[in-house]
Protein chains: 2
Amino acid sequence: MTQKDDFDLREFLPYLLNQAAEISSQSFQRIYKGRYGMLRTEWRVLFHLAIYERMTAKDICEKAIMHKTKVSRAVQRLEQRRYLQRKPDEKDRRHEWLTLTSQGRTVYEDLRAHAQQHDQVLMQKLSTEEITVLRGALNALSQP
Amino acid sequence: MTQKDDFDLREFLPYLLNQAAEISSQSFQRIYKGRYGMLRTEWRVLFHLAIYERMTAKDICEKAIMHKTKVSRAVQRLEQRRYLQRKPDEKDRRHEWLTLTSQGRTVYEDLRAHAQQHDQVLMQKLSTEEITVLRGALNALSQP
DNA sequence: GGTTGTTAGTTACATTTTCAACTATTACCA
DNA sequence: TGGTAATAGTTGAAAATGTAACTAACAACC
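Counting starts from 1 at the beginning of each chain's written sequence and moves along it residue by residue. Each chain gets a letter, beginning with A, and each ligand a number, beginning with 1, in the order they are written. Per-residue local features are limited, in this predicted model, to residues with pLDDT of at least 70; the limit for side-chain atom pairs, both in listing and counting, is 80 or more; totals at the level of whole chains, interfaces and linings are taken over all residues. Only heavy atoms go into the side-chain values, all of them from the structure, while hydrogens and water stay out.

1. Notes on the protein's contact with DNA strand D
1) Next: By convention in these notes, a residue is near a molecule or strand provided one of its non-hydrogen atoms lies within 4 Å of it. Taken together, 24 residues surround DNA strand D, and among them Lys58, Thr69, Ser72 and Arg86 of chain A together with Arg73 of chain B come closest.
2) Next: Backbone atoms, meaning sugar and phosphate, make up 57% of the atoms of DNA strand D lying within 4 Å of the protein.
3) Next: Take serine 72 of chain A: an N or O atom from its side chain is 2.7 Å from a phosphate oxygen of DNA strand D.
4) Next: Distance and chemistry together define a polar contact, namely a pair of N or O atoms within 3.5 Å, with one atom able to donate a hydrogen and the other to accept it when in protein, and with adjacent residues in sequence counting only for side-chain atoms on both sides. For DNA strand D, a phosphate oxygen lies 3.2 Å from a polar atom in the backbone of glutamate 96 of chain A.
5) Next: Only DSSP runs of H or I with at least four residues qualify as helices, and only runs of E with at least two residues qualify as strands; both kinds are numbered from the N terminus onward. Ranked by the residues each element gives to the surface near DNA strand D, the list is headed by helix α4 (residues 68-80) of chain A, at 5 residues.
6) Next: Partitioning the surface near DNA strand D into residue classes produces 2 nonpolar, 8 polar and 14 charged. Polarity classes work like this: nonpolar for Ala, Val, Leu, Ile, Met, Phe, Trp, Tyr, Cys and Pro, charged for Asp, Glu, Lys and Arg, and polar for all others, with Gly in that last group.

2. Let's talk about the interface of chain A and chain B
1) Next: Contacts are assigned to residue pairs with any non-hydrogen atoms lying within 4.5 Å of each other. Counting residues at the interface gives 57 residues for chain A, matched by 58 residues for chain B.
2) Next: In total, about 5600 Å² of surface goes out of reach between chain A and chain B, with carbon and sulfur atoms giving 65% of it.
3) Next: Put simply, buried area is how much 1.4 Å-probe accessible surface two parts lose in total, over both of them, once they are put together. Together, Phe7, Leu9 and Arg112 of chain A form the three largest contributors to the area buried by chain A at its contact with chain B, with a combined 11%.
4) Next: Counted as salt bridges are all cases of a side-chain nitrogen of Lys or Arg within 4 Å of a carboxyl oxygen of Asp or Glu. At the junction of chain A with chain B, the criterion picks out 2 salt bridges.
5) Next: Taken together, the connections running from chain A to chain B amount to 18 residue pairs in polar contact (both at pLDDT 80 or more).
6) Next: Counting residues per element, the ones that place at least two in the side of chain A that touches chain B are α1 (13-36), α2 (40-52), α3 (57-64), α5 (102-123) and α6 (128-141) of chain A.
7) Next: The residue makeup of the side of chain A that touches chain B, split by class, is 30 nonpolar, 12 polar and 15 charged.

3. Quick notes on the relation of the copies chain A and chain B
1) Next: Its rotation angle being 180 degrees, the transformation that places chain A on chain B also includes 0.0 Å of axial translation and leaves an RMSD of 0.1 Å. The superposition operator between the copies reduces to a two-fold rotation axis. Ranked by how close their C-alpha atoms come to the rotation axis, the residues of chain A are headed by leucine 134 of chain A, at 2.8 Å. The superposition of copies rests on a least-squares fit of C-alpha positions from residues with pLDDT of 70 or more in both.

4. Let's talk about the environment of arginine 54 of chain B
All names here are of chain B.
1) Next: Inspection of the secondary structure assignment puts arginine 54 in the loop between α2 (40-52) and α3 (57-64).
2) Next: Residue classification places arginine 54 among the partly exposed residues on the basis of a relative accessible area of 48%.
3) Next: It is 26 Å that separates the C-alpha atoms of arginine 54 and arginine 135, two residues lying 81 residues apart in sequence.
4) Next: Those residues in contact with arginine 54 that sit more than four places away from it in its chain are Leu49, Trp97, Leu98 and Thr99. Per-residue accessibility, obtained with a 1.4 Å probe over protein chains only, is compared with the maximum for each type, and a residue is labelled buried under 20%, exposed over 50%, and partly exposed between these values.

5. Considerations on the packing of aromatic side chains
1) Next: Two rings from Phe, Tyr or Trp (for Trp, the six-membered ring) form a pair when their centres sit within 6.5 Å of each other. Planes less than 30 degrees apart are called stacked, planes more than 60 degrees apart edge-to-face, and all others tilted. Inspection of the entire model under this criterion finds 14 aromatic pairs over all chains.
2) Next: Positioned over the ring face of tryptophan 97 of chain A is arginine 54 of chain A, at 3.9 Å from the centre of the ring. Two conditions define a charge located above a ring, namely a distance within 6 Å from the ring centre to NZ of Lys or CZ of Arg, and an angle within 35 degrees of the ring normal.

6. A word on the protein's contact with DNA strand C
1) Next: In the region of DNA strand C, 23 residues are neighbours, and Arg73 of chain A together with Lys33, Lys58, Ser72 and Arg86 of chain B sit closest.
2) Next: The sugar-phosphate portion of DNA strand C accounts for 67% of its atoms within 4 Å of the protein, the bases making up the rest.
3) Next: Lysine 58 of chain B places a polar main-chain atom, nitrogen or oxygen, 2.6 Å from a phosphate oxygen of DNA strand C.
4) Next: Glutamate 96 of chain B places a main-chain nitrogen or oxygen 3.2 Å from a phosphate oxygen of DNA strand C.
5) Next: Counting only elements with at least two residues in the surface near DNA strand C, the list comes to α4 of chain A together with α3 and α4 (68-80) of chain B.
6) Next: The leading source of residues in the surface near DNA strand C is α4 of chain B, at 5 residues.
7) Next: Looking at the surface near DNA strand C, its residues break down into 2 nonpolar, 7 polar and 14 charged.

7. Quick notes on the pattern of salt bridges
1) Next: Scanning all chains against the criterion turns up 22 salt bridges over all chains.
2) Next: With a closest N to O distance of 3.0 Å, arginine 77 of chain A and glutamate 42 of chain A form a salt bridge. Of the two residues, arginine 77 of chain A is situated in helix α4 and glutamate 42 of chain A in helix α2; the sequence distance between them amounts to 35 residues.
3) Next: Since its relative accessible area comes to 32%, arginine 77 of chain A is described here as partly exposed.
4) Next: The salt bridge partner of aspartate 119 of chain A is arginine 135 of chain A, with a shortest N-O separation of 3.7 Å. You can see aspartate 119 of chain A sitting in helix α5 and its partner arginine 135 of chain A sitting in helix α6, a full 16 residues away along the chain. Residues aspartate 119 of chain A and arginine 135 of chain A agree in their burial class; the two are buried.
5) Next: One salt-bridge network, held together by shared partners, links Glu11 of chain A together with Asp119 and Arg135 of chain B.

Below, the structure written as structure tokens:
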């Protein structure tokens, strides 16, 4: 009998994180999909732009941990729907600055309200202290 | 100034969970992909079978929170590589019992060792107490 | 027993994602 | 200055995923 048998994959952090992330995202996904036909990639780009105001696609890649082709296509679709605007950087025309249109901000505000509600439901499953520790731990694990 | 401005999506649990899950999964993904050319779906089916010994595809869907078509295709590929065997249920031939072959178990043991290592690296980012609370919270959030 | 409904699992097709190659622009440096 | 390297972002083809329709087997009710 060796020591390796002590390790149970049911306690493997990436597994637990994935299950929790999956389940807690699902019902919210139905909201942005149902209301605006948005994909998860688009929702993520949208709210990053709302939070940080003005970003390049590359900034979004880094903050949101998304591949650049994913971001590129999400930006295209959000632009088509007039949720965002692109403006090339004057100094370095490889960069494009992205900002939400007022229409994009309206959509964002609506979704944010739903997100807040959704978050409250999730937090009811936890104690105040658990929530604090959880947030801290998730932030720590998100540093690569 | 309304209350809604208090809610910052950077603290939205599904977002934090997703970031942590994504980052903590990435380096491990390179391992099963690099060593065995496996996809995440296949890895998940493999280790569920290793843990529970004998399951139907439906059991896996429920435990792993995966859609049945994902499971169906992962099972097909694992069978082609001779990592698992199917056996129809005698009583109810709609059910198929799945078990790992010895080859599948060997692969699993190898990956489990790597997972354990990986888990230890992740846990170094956290205190013992954080780990305990985190596990509890993730389990709570995984109840749908 | 036969009709209807349900369940486990697969398949076809559409959508999304990934990977690699590509363009356009700027940086570096001999 | 010119040539190579690096960077931001896009695109096309291949792979993976999601959706809905399907098959096969069983259940339930008349």
